[in-house]
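This is what each chain is made of:
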Amino acid sequence: MDEIRIKDLEIYGHHGVLKEENVLGQKFLVSMSLGLSLHSAGISDDISESIDYAAVSHLVKEEMEKTTYKLIEALAEHLCEAILIRFPVVERITMELKKPWAPILLPLDTVSVCMTRNWHDVYLSVGSNLGDKKKYIDDSIDELRKDKKIRIERQSVLVETLAYGVTDQPPFLNGALFLKTLYEPEELLVKLHEIEALGGRERTEHWGPRTIDLDILYYDDLVYTSDTLVIPHPDMENRAFVLGPLTGIAPYKRHPVTGMTTGQMYEKLKSVDSPKWL
């Protein structure tokens, strides 16, 4: 990935734990490495194919003057997020935020925080088997689109399938999404649960009927397990209602554990058990 670098941009701000820092303010130094593809700009010599680093710098100034933060960690987090959202061409940012002469009652040049943030590639499974199934799915996708930390890139066609696991229930309408997000995995899970709640989802029965179901299938190539979340989604290789729609938008996406592509897993599953399409 190519980079545009901005070094030691001087901004006057009012950030710090001490009241005096918030009132009097001081100089901060901001350095950024913006990760993006510059190939097209290098060929065309056209600014529209790159990014206006002056605009980035002025955005940093505006955001630093708009709100006061106690911690420069919080300020740096906010600035990274603001740049990634405002300039979609930027895929990754590494920022160092320096605070000269921090008041620690000892000789000190600067204290700084350095962080890297980027858009993450996520694949979701979406499904519903109660009420107006398509509307529940469409409404949930609309809620995802409203969130500035989420960009939906591709959406599969919807397929109707028999229920999996607990089969004595109405058929499902299922699909898949490819999106980019700034949320960390557990944060994204909370967001999905909030959207499910808006859609009237009630978690009363494992594998039971539901108005809307939003599941994380892949998050980059992460292999992750916690008390609340497993990535990649467990048992997805045995679920035609997941692999069918996912193959439509990501046939060559590889499972980070098995190494099999979506298409390969789907073909293998079809060879032993025909999908229960309706």
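Here is what the cut-offs are and how they apply
- Residues numbered from 1 in each chain as written.
- Predicted model: local features only at pLDDT ≥ 70, side-chain atom pairs only at ≥ 80, totals over all residues.
- Heavy atoms only, no water.
- Axes fitted to C-alpha atoms, helices over the stretch in contact; angles between N-to-C directions.
- Helix = DSSP H or I, 4+ residues; strand = E, 2+ residues; numbered from the N terminus.
- Parallel < 35°, antiparallel > 145°, perpendicular 65-115°, else oblique.
- Left-handed = near helix turned anticlockwise from the far one by under 90°.
- Contact = heavy atoms within 4.5 Å.
- Nonpolar A, V, L, I, M, F, W, Y, C, P; charged D, E, K, R; others polar.
- Salt bridge = Lys/Arg side-chain N within 4 Å of Asp/Glu carboxyl O.
- Buried < 20%, exposed > 50% of the residue type's maximum accessible area, 1.4 Å probe, protein only.
- Pairing = 2+ DSSP bridges.
- Expected span 1.5 Å × (residues − 1).
- Arc of directions from axis to C-beta.

**Q** Whenever I open this one, the packing of helix 5 (residues 133–146) against helix 6 (residues 185–198) confuses me. Can you help?
**A** The relative placement of two packed helices is expressed as an angle between their axes plus a distance between the axes. Following both chains from N to C, one finds helix 5 and helix 6 inclined at 135°, their axes separated by 10 Å at the closest point. With respect to each other, helix 5 and helix 6 are oriented oblique. Of the two elements, helix 5 crosses helix 6, and the hand of that crossing is right-handed. For the pair helix 5 and helix 6, contact is made by S140, E143 and L144 and by L192, I195 and L198, respectively. Residue composition of the contact of helix 5 with helix 6, by class: 4 nonpolar, 1 polar and 1 charged.

**Q** Is there a simple way to think about the pattern of salt bridges in this case?
**A** Oppositely charged side chains are able to pair whenever their charged atoms sit close together. Considering all chains together, one arrives at 17 salt bridges under this definition. Two residues, D8 and K98, come together in a salt bridge whose shortest N-O distance is 3.3 Å. Here K98 lies in strand 3 (residues 92–100) and D8 lies in strand 1 (residues 2–13), a separation of 90 residues in the sequence. Taking relative accessible area as the criterion, K98 reaches 18% and is therefore assigned buried. Several salt bridges share partner residues, and in doing so they unite E3, R5 and R92 into one network.

**Q** When you look at the sheet that holds strand 4 (residues 110–118) in this model, what are you seeing that I'm missing?
**A** Taken in spatial order, the 4 strands of this open sheet run 1-2-3-4, and their pairing is antiparallel. One side of each edge strand has no neighbouring strand; the edge strands of this open sheet are strand 1 and strand 4. On average, adjacent strands in this sheet sit at an angle of 15° to one another, irrespective of strand direction. Across 10 bridges, the pairing between strand 1 and strand 2 (residues 26–36) is antiparallel. The residue of strand 2 that forms the bridge with E3 is G35. Packed on one face of the sheet, helix 3 (residues 53–66) meets strand 1, strand 2 and strand 3 and runs near 35° to strand 1. Strand contacts of helix 4 (residues 72–86): strand 2, strand 3 and strand 4, with the helix running at about 35° to strand 4, the strand carrying the most contacts.

**Q** In this structure, what is going on with helix 3? I would like to understand it.
**A** Each full turn of the α-helix corresponds to 3.6 residues, which orients residues three or four apart in the same direction. Across its 14 residues, helix 3 extends 20 Å between first and last C-alpha, which sits within 8% of the 20 Å expected from 1.5 Å per residue. Every buried residue of helix 3 is listed here: V56, S57, L59, V60, E63 and M64. Along the axis of helix 3, the buried positions cluster into a sector of 160°, meaning they face one direction only. Exposed side of helix 3, more than 90 degrees from the buried face: H58 and K66 are the residues found there.

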